[in-house]
Each structure stands twice: as structure tokens, then as C-alpha cells.
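Spelled out, the chains give:
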Amino acid sequence: MKIREIDPLVLSGGEGGSATWASYMMLVRVTTEDGQVGYGEAVPTLRLLSVEGAIKQVAKAYVGKNAEDLESNHIDWYKQDFYLPVSFESASALSAVDMACWDLVGRELGIPLYQMLGGKLRDQVPVYANGWYGKCKTPDEFYSSARRALLSYKALKFDPFGNHFDGIDEEGLREAEERVKAVVEAGALPLIEHHGRFNSASALAVAERLQKYGPAFMEEPVHPDDLEGLRAYRRSARVKIALGERIIGLKQALYYLREGLVDVLQPDVTNIGGVTAMKKVMALSEAFGVELAFHNAFGPVQHAFSLQLAAAAPNLFMLESFYDWFPSWKRSIVRGIPETREGLAPVPKGPGSGIQVDESAVERLRVEAPALPVSEEPVWVVGGTWGRAR
């Protein structure tokens, strides 16, 4: 299957969903000389313009090669791009193209991705919800939204920290605790998202305050570049640590695993290096006895791939899901993703990614990549949650 063309596809339907970055998505379409098509997905956030450009550059290395030469093509881009190990844009572009090639191979063979990874270990994937708490600030709002989310899910991840960044005062700790308590009283298993916003002292104060509510993990408790702070947190906090969505390669994953800094690893197929890198990270984390909870926040193609990976992961903890809080236009571009019930998401069984992409919907939703607006509320938070309780 020789690759003829690689297209970056920026999509938007206007409706934003749970966050600013949810207003857009970035797909990659790989077409072979005999007209077969595979899809991958890249990271949008504040990087639409730069990732689109990176995809066009990666395409120069892939066009003319055989899509089924997954490892060889991956290594060749590692050889070509001097800065790949430290470039999020290059890593995301490579990931999306690699995903599309795995999709092509699966469709050619007539088997789902999980079969190419050794077969599925489960028919349904345990999932936790994210994105469910848009515009929530008061404990009552968190409670009501949690009750609605619990109609389909059992575990809920959320960021209860309002607009605190780097540090947090007593009032902020009190507000965060009240929000967490409300979600627990609603009946949820809580997973506490920090978004890498705190210094280690503040993160430890948070852990001490919230550990009594039994969080399944504390995600990115300190700034992602603060390794000394993470070590200090690991020494003192009596909670499980989850991290990994910003990791862009196998060797970065190895560092956190070897240093014993993580209990639940959260690699993202759209920036780890695609399936080719992810299968190695899966094996590595299993060898270190660390559970996996794939980061899964951007769009339905990523969601489909993440379900496939989760089906084949021996050390799966749970899978993140924004799917039910995606804007409707995102869900409209794919067919074949079953409904989540009681915290379980059935694994699509079609070939490749397991789903079908609606080409007409993709063409209808294509837009020029914009520079996203920047406001007081960062794009990485769930919309309408940046602020103090009213």
C-alpha cells in the first residue's frame, strides 16, 4: 500500500463543547495509490497552526513509502527530525500519520487494531468521565452535574481548583474540598485533576486536604517541568500519582517509570508517537508494574484508537472519556462508537480503528486553521470553571 497523499484536516462546527480547544479538531487522512484511506488524529489546543505545518512536513517523509512499513517509517522520521525528541508539534504530527497507517493496515487485513496488538483482553473498557462539569463553580453545581454524569459513569475526573495557579490559599483549599465532597456525596469515585498547576508545597497541601475522600489518583499535581517538586511530592504525599499526557516518546516514559514517580501512566496516542510508540510504552509500563489510563480528550478518532489500545492492555486501570461531552458535530463525523453504560464502553470491532469516518461530514466541517483566542481562562481547563465559587 504505497502512500500517495497525506492531508491535515482542520475541522470545526462552531459549537465548542467543554473547552476552547474542543471547538476544533485536527485529523490526518492518508490515502494510498489504490485509493484506500486511513485516519489519525493530532493535538489541537493552541497548536492548530504549528501542528498543521508539522503534518505537512512529516508527509514529505511518508509519501511514496509503504503504509505497512510502520516501524521503518517511524524510525526514518526519528532520523530525519533532529528535534523530534523535544518537539511536541513533530511528535503529534508523527503520531497522527502513524495512526492513519495502522488504520490502513487493519482495514487491508480486515481486523481491528486490538487484533494486531495481540488480541483483546476485554469486550468492554472501564471508563471515567471528563468534561462533565462545564460551568460548575459551586458545590451544588458540581453535585447536580455529577448526578447527571453518573447515569452512565461511575468514576468522574475533575479539576476543583478554580483559578488558583502555582499556589493556593486556605480559601482555595476550602472551596476545592467542598467541590470534591459534593462529587463524592453524589456517588462518584473521584479522580482529581490538577492540570500541572501547582508548586510542590501547594500540591502537598492539596493532597493532605483531599486524601480523606479516597481519590483514585491525583493527576499532574505539580508543574510538568518541576521534577524536583515531583520527587518531593512522591516522598511525602500518601496518594497515587497519575501523569503522562505530555510525554512525547518512549524514553521520556522510561524516565518517569524508572524513577518511580508515577502510579498510573497516562500516555496519549496523539502525541506519544502513535501506535508504533504506544505499544512499546504499554509493554514498558507493564514491566514496571504501573497501570495505564490513556489520555483521551480531543476527538472521536482518538477515542476509537484509545478504546482499541485499552482493549489490549493487560495493565489497564481505566480509560478517560470526554466522548459524551464532545460537541455534537464531533460525534457526527464517525459511526460505530457504542454507548457507554454503567462506566463501561464497548470496544468497536470493525477493521483498523474500528469505526467509519463520514467523509461528507469531514468535508462539510473543514476550515482554515486559525490562531485560537487567548483569554483569562486558559484553554486547558473545562470551560466556565476558572474562578471562585459564586
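Higher on the page you've got the structure.
What you see as residue numbers is a count from 1 along each chain, following the sequence as written. Residue-level local features of this predicted model are given only where pLDDT is at least 70; pairs of side-chain atoms are given and counted only at 80 or more, and the full residue set underlies all totals for whole chains, interfaces and linings. Side-chain calculation: all heavy atoms of the structure are included, whereas hydrogens and water are not.

## Examining the sheet that holds strand β1 (residues 3-11)
Item 1. An order of β1-β2-β3 is seen for the 3 strands of this open sheet, with the pairing classed as antiparallel. Of all the strands in the sheet, just β1 and β3 (37-42) have a single pairing partner and so form its edges. Within the sheet, the average angular offset between the axes of one strand and its neighbour, ignoring direction, is 20°.
Item 2. In the sheet, β1 pairs with strand β2 (residues 25-32) via 8 bridges, with the strands oriented antiparallel. Of the residues in β2, the one forming a bridge with Val10 is Met26.
Item 3. We call two residues in contact whenever any of their non-hydrogen atoms come within 4.5 Å of each other. Convention adopted: a line fitted to C-alpha atoms gives each axis, helices being fitted over their contacting stretch, and angles between N-to-C directions are expressed from 0 to 180 degrees. Counting from the N terminus, the helices are DSSP H or I runs at least four residues long and the strands are E runs at least two residues long. Helix-sheet contacts for helix α1 (residues 48-62) involve β1, β2 and β3, and the interaxial angle to β1 is about 175°.
Item 4. Its contacts with the sheet place helix α3 (residues 88-109) against β1, β2 and β3, and it is angled at close to 150° to β3. Strands qualify as paired when DSSP identifies two bridges or more between them.

## Looking at the pattern of salt bridges
Item 1. The term salt bridge refers to a pairing of a side-chain nitrogen on Lys or Arg with a carboxyl oxygen on Asp or Glu at a separation within 4 Å. Tallied over the full model, the rule gives 31 salt bridges.
Item 2. One salt bridge connects Arg47 with Glu89, and the closest N-O pair in it is separated by 2.9 Å. With Arg47 in the loop between β3 and α1 and Glu89 in helix α3, the pair connects residues that are 42 residues apart, well separated along the chain.
Item 3. Across the salt bridge formed by Glu291 and Lys240, the nearest N and O atoms sit 3.7 Å from each other. Of this pair, Glu291 sits in strand β10 (residues 291-292) while Lys240 is found in the loop between α8 (227-236) and β8 (241-243), placing the two residues 51 residues apart along the sequence.
Item 4. The cut-offs for exposure are 20% and 50% of the maximum accessible area for each residue type, with area from a 1.4 Å probe on protein chains only; residues under the lower value are buried, those over the upper are exposed, and the others partly exposed. The exposure class of Lys240 is partly exposed, given its relative accessible area of 40%.
Item 5. What you see here is one network of salt bridges that share partners, running through Asp7, Arg29, Glu359, Glu363 and Arg366.

## Examining unusual backbone geometry
Item 1. Despite not being glycine, Thr45 shows a phi value in the positive range, around 40°.
Item 2. Along the chain, Thr45 falls in the loop between β3 and α1.
Item 3. A positive phi angle, close to 70°, is found at Lys135, a residue other than glycine.

## Quick notes on the nonpolar core
Item 1. What is meant by a nonpolar core is a set of buried Ala, Val, Leu, Ile, Met, Phe, Trp, Tyr and Cys residues, joined one to another through side-chain atoms within 4.5 Å. Judged by nonpolar contacts, the single largest core of 124 residues is most densely connected at Trp132, Leu156 and Phe294.
Item 2. A per-element tally of this core places α3 first, with 11 residues.
Item 3. Those residues in contact with Phe294 that sit more than four places away from it in its chain are Pro267, Met278, Met282, Ser306, Leu309, Ala310, Ala313, Leu316, Met318, Leu319 and Glu320.
Item 4. Core analysis: the second largest hydrophobic core is formed by 10 residues, Ala216, Ala293, Phe317 and Met318 among them.

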